[in-house]
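Examining the three-dimensional arrangement
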Amino acid sequence: MLSSSQTLEKLIRELSRLPGIGRKTAQRLAFWILKQDKKNVLELSEAIMNAREKVRPCSICFNITEDDPCAICQSARRQQEVICVVEEASDLWALERTGEYNGLYHVLGGVLSPLDGVGPEQIHAKELIERLRGDVSEVIIATNPNVEGEATASFLTKLIKPIGVRVTRIARGLPVGSDLEYADNTTLSQAISNRREL
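Residues numbered from 1 in each chain as written. Predicted model: local features only at pLDDT ≥ 70, side-chain atom pairs only at ≥ 80, totals over all residues. Heavy atoms only, no water.

1. Let's talk about the overall build of the protein
Along the protein, the regular secondary structure elements total eight helices and seven strands. Projected onto the principal axes, the alpha-carbon positions of the protein cover approximately 65 × 35 × 35 Å. Taking as baseline every contact in the protein between residues at least 6 positions apart, the subset at least 24 positions apart corresponds to 56%. Split by element, the accessible area of the protein, about 11900 Å² in all, is 54% carbon and sulfur. (Helix = DSSP H or I, 4+ residues; strand = E, 2+ residues; numbered from the N terminus. Contact = heavy atoms within 4.5 Å. Areas by Shrake-Rupley, 256 points an atom, 1.4 Å probe, with all protein chains shown as cover.)

In structure tokens:
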């Protein structure tokens with residue numbers, strides 16, 4: 001489909017690069033942006049730029065934050081002896097919404113996927129092992145229940161068990177092949193409450 005505006009076409013192309021956004025949705029978003037007044041568009045672009053400039057990974061858990069360390073790592077109210085390992089910060093946020101978990105987190109920044117060139121060096125596994133040298137008594141592995149998530153869970157279990165830390169896996173309750181960030185609060189609450197020993 002040809003657009004009469006190269007500028008509009010570029011906007012649609014850039015929006016369609018966002019995860020989960022196809023060309024049709026990108027077109028809808030582009031036309032929505034064009035209908036907004038200049039003030040709203042500037043606020044949107046400022047919010048994007050500010051997030052890009054100010055938000056960074058926590059130096060301890062790799063959650064996204066403006067403050068380093070993040071509020072979760074700084075909190076004395078959280079269980080310091082339990083660490084829940086997730087793939088991405090969006091998974092951490094999904095678990096936090098449930099209100100069921102009150103320990104610490106560790107964001108891997110991905111999962112093992114040899115076909116995509118992602119090995120142990122590309123995820124924050126080494127940093128997780130370094131964190132276990134303290135008073136940690138349990139690591140909950142909350143990777144997604146798909147091939148890559150299971151392979152990553154198995155890999156981490158083999159690294160952690162020799163240290164003498166209890167390793168558990170969130171319970172099934174999430175459909176295989178799904179992502180944590182899209183699960184509802186009840187399903188996530190049951191999954192974290194019914195985790196199992198690995």
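Having seen it, we continue.
2. What to know about the sheet that holds strand β5 (residues 138-141)
With mixed pairing, the five strands of this open sheet are ordered in space as β4-β3-β5-β6-β7. In the strand order of this sheet, the two ends are held by β4 (103-107) and β7 (196-197), each with one partner. With four bridges connecting them, β5 and strand β6 (residues 166-169) associate as parallel partners. Paired with isoleucine 141 across the bridge in β6 is arginine 169. Sheet strands touched by helix α5 (residues 89-98): β3 (79-86) and β4. Its angle to β4, the strand with the most contacts, is close to 160 degrees. (Pairing = 2+ DSSP bridges. Axes fitted to C-alpha atoms, helices over the stretch in contact; angles between N-to-C directions.)

3. Digging into the packing of α5 against helix α8 (residues 185-193)
Two elements in contact, α5 and α8, have axes separated by 9 Å at closest approach and are oriented at 90 degrees. If you check the angle between α5 and α8, you find them roughly perpendicular. Residues Ala94, Leu95, Arg97 and Thr98 of α5 lie in contact with α8, whose contacting residues are Asn185, Leu188, Ser189 and Ile192. The class makeup of the residues in the contact of α5 with α8 is four nonpolar, three polar and one charged. (Parallel < 35°, antiparallel > 145°, perpendicular 65-115°, else oblique. Nonpolar A, V, L, I, M, F, W, Y, C, P; charged D, E, K, R; others polar.)

4. Brief notes about the packing of helix α1 (residues 6-15) against helix α2 (residues 23-35)
Packing of α1 against α2 leaves a shortest axis separation of 8 Å and a crossing angle of 125 degrees. Classified by the angle between their axes, α1 and α2 sit oblique to one another. Between α1 and α2 lies a crossing of right-handed hand. Contact with α1, carried on its side by Leu8, Glu9, Leu11, Ile12 and Leu15, involves Arg23, Ala26, Gln27, Leu29, Ala30, Phe31, Ile33 and Leu34 of α2 and no other residues of that element. Each residue belonging to the contact of α1 with α2 can be placed in one class, and the counts come to ten nonpolar, one polar and two charged. (Left-handed = near helix turned anticlockwise from the far one by under 90°.)

5. Focus on the pairing of β6
As a crossover connection, the stretch from β5 through helix α7 (residues 147-160) into β6 is right-handed. Two elements, β6 and β7, share two bridges in a ladder whose sense is antiparallel. If you follow arginine 169 over to β7, its bridge partner there is arginine 196. (Right-handed = clockwise from strand over helix to strand, strands pointing away.)

6. As for the nonpolar core
Residues Cys84, Leu95, Leu132, Val139, Leu156 and Ile160 are the most contacted members of the largest nonpolar core, which totals 41 residues. At five residues, the largest contribution of residues to this core is made by β3. Excluding residues within four positions of it along the chain, cysteine 84 makes contact with Leu95, Tyr101, Leu104, Tyr105, His106, Ile140, Ala142 and Ile192. (Core = buried A, V, L, I, M, F, W, Y, C linked by side-chain atoms within 4.5 Å. Buried < 20%, exposed > 50% of the residue type's maximum accessible area, 1.4 Å probe, protein only.)

This is a description of form; function is not addressed.
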